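Report on the structure
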Amino acid sequence: MSQEKLENLGLDLPDLPLTTVGSFPKPPELKEARKQNREGDLSDDDLDEQAREATRFWLDKQYELDYDIYVDGEQYRGDMATYFAENLQGFEIGGLVRSYGNRYYRKPIVVDEIVWEEPITVDWWRFAQDYADRPVKGMLTGPYTMMDWTFNEHYPSRAETARAFAAAIRSEVEALIEAGCKIIQIDEPACSVRHDEMELVKEVVGQVVEGQDAYFISHICYGEFEKIYPDMLEIPVDNFDLEFTNSDLYLLDLFRDDPFTKDLSFGAVDVHNHRVESREVVRELIEKVLDVVPREQIWISPDCGLKTRTVNEALGKMEVLAEATRELR
Ligand SMILES: [Zn+2]
């Protein structure tokens, strides 16, 4: 599908490219360091050094497990919305609210014009890419999800707020591409939960990616896909990263009715379960998608970020995913 685009970017990926969604758990010593930093007992520089050490740890593991597209693991981020709000102009950070499941975050409040002043993720991306021997994805939260997970006290409407986020995120995409990043993920988990604003999702993601020379992925999870499919295929990205372990594979039924026309990062291990799946279970799951979606469109991935697992659980799931993928190759 997007093979030609990947080739034009100089990316030569194997059969069933293996990747992860984005976040990895923070090692206990990094969690402790973040707490000390919040309490004023550890400098920002010392915290950054510990985050760099944890990033190297996760890059080493992706190398050892032979993943094809790496992530930096987001060891320096608290959560996916507040992190960006803290690094853009125009926000105050509010109290704890629930995003989904048992995930909580400090909800940002837009109190002034949203302004992107300087690159937010580029130094971390460059650090990871300099260390890594394979492509590292740039990881951004999409404009629609940023808007939906934010209180707005400045713009006249949800649409105007989303467009302001899109302009800021477009600047970050440009900075990542200028630094050499070729695969950029723009997560939009909110668009499957609120499924009545798909036109706005398409518009603002388009505002971010239009004319930008990179391969774009969007991770969307845990929603009512039957209400946004196949409409969601018009979100202008190359690859959707979707979860399949908790959905009874009803997505595959949707794909039988309306063929999946983009690349698909197939989420084949469950990040919300402590138990590590067997290789057979994972392989059989992947075989099911291979019956429905052409093989050259399939990437292999966990079904969400692994940050909620322990380090060993995350490694166990990554290993079984890699083994199942190698068997299928
Ligand atoms: Zn997810």
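Residues numbered from 1 in each chain as written. Predicted model: local features only at pLDDT ≥ 70, side-chain atom pairs only at ≥ 80, totals over all residues. Heavy atoms only, no water.

A look at the sheet that holds strand 4 (residues 151-152)
The strands making up a sheet associate through hydrogen bonds between their backbones, and the pairing can be parallel or antiparallel. Read across the sheet, three strands follow the order 1-2-4 without closing on themselves; strand pairing throughout is mixed. The open sheet terminates on both sides in strands that have one partner only, identified here as strand 1 (89-98) and strand 4. Bridge analysis of strand 2 (residues 104-115) against strand 4 gives two bridges, and the strand direction is parallel. Paired with Val110 across the bridge in strand 4 is Asn152. Contacts from helix 7 (residues 158-179) reach strand 1, strand 2 and strand 4 within the one sheet, and its direction differs from that of strand 2 by about 85°. (Pairing = 2+ DSSP bridges. Helix = DSSP H or I, 4+ residues; strand = E, 2+ residues; numbered from the N terminus. Contact = heavy atoms within 4.5 Å. Axes fitted to C-alpha atoms, helices over the stretch in contact; angles between N-to-C directions.)

Some details on the pairing of strand 7 (residues 239-243)
In terms of burial, strand 7 is a largely internal element, five of the five residues being buried. Across the two faces of strand 7 the burial is the same, with Asn239, Asp241 and Glu243 and Phe240 and Leu242 all buried. Judged from the four bridges that link them, strand 6 (residues 215-220) and strand 7 form a sheet pairing that is parallel. Its bridge partner lying in strand 7, Ile220 is registered against Leu242. Pairing analysis gives five bridges linking strand 7 to strand 8 (residues 263-267), with the strands arranged parallel. Looking across to strand 8, one finds that Glu243 is bridged to Gly267. The handedness of the strand 7 to strand 8 crossover, carried by helix 10 (residues 250-257), is right-handed. (Buried < 20%, exposed > 50% of the residue type's maximum accessible area, 1.4 Å probe, protein only. Right-handed = clockwise from strand over helix to strand, strands pointing away.)

Some remarks on the sheet that holds strand 5 (residues 183-187)
Pairing is parallel across the open sheet formed by six strands, whose spatial order is 3-5-6-7-8-9. Taken across any chain shown, the strands that pair with only one partner, and hence form the sheet edges, are strand 3 (138-141) and strand 9 (298-301). With direction set aside, neighbouring strand axes in the sheet form an average angle of 25°. With three bridges joining them, strand 5 and strand 6 adopt parallel strand pairing. For Ile184, the partnering residue across the bridge sits in strand 6 and is Phe216.

Details of the packing of aromatic side chains
A full pass over the atoms with the stated rule returns 14 aromatic pairs. For the pair Tyr215 and Trp299, a centre-to-centre distance of 5.3 Å together with 5° between the ring planes defines the contact as stacked. Of this pair, Tyr215 sits in strand 6 while Trp299 sits in strand 9, and the two are 84 residues apart along the sequence. By the burial criterion, Tyr215 is buried, and Trp299 matches it. Taken together, the aromatic side chains of Tyr229, Phe240, Phe244, Phe255, Phe260 and Phe266 make up a single cluster linked through ring pairs. (Phe/Tyr/Trp six-rings, centres within 6.5 Å; stacked < 30°, edge-to-face > 60°.)

Let's talk about the packing of helix 5 (residues 122-131) against helix 7
As a packed pair, helix 5 and helix 7 sit with axes 10 Å apart at the nearest point and diverge in direction by 30°. Considered as vectors, helix 5 and helix 7 are oriented roughly parallel to each other. Relative to helix 7, helix 5 is oriented so that their crossing is right-handed. Every residue of helix 7 that contacts helix 5 at Val122, Trp125 and Arg126 is listed here: Glu172, Ala175, Leu176 and Ala179. A per-class count over the contact of helix 5 with helix 7 returns five nonpolar, no polar and two charged. (Parallel < 35°, antiparallel > 145°, perpendicular 65-115°, else oblique. Left-handed = near helix turned anticlockwise from the far one by under 90°. Nonpolar A, V, L, I, M, F, W, Y, C, P; charged D, E, K, R; others polar.)

Thoughts on the environment of Phe260
Structurally, Phe260 is set in the loop between helix 10 and strand 8. What makes Phe260 buried here is its relative accessible area of 5%. Between the alpha carbons of Phe260 and Leu11 there is a distance of 23 Å; along the sequence they are 249 residues apart.

Some details on the pattern of salt bridges
Evaluated as defined, the whole model comprises 27 salt bridges. A salt bridge links Glu323 to Arg279, with the shortest nitrogen-to-oxygen separation between them at 3.9 Å. Here the residue Glu323 occupies a position in helix 12 (residues 311-328), and Arg279 occupies one in helix 11 (residues 279-290), the gap between them amounting to 44 residues. For Arg279, a relative accessible area of 31% translates into the label partly exposed. Bridged by salt links that share partners, the residues Arg279, Glu280, Arg283, Glu287, Glu323 and Glu327 form one connected network. (Salt bridge = Lys/Arg side-chain N within 4 Å of Asp/Glu carboxyl O.)

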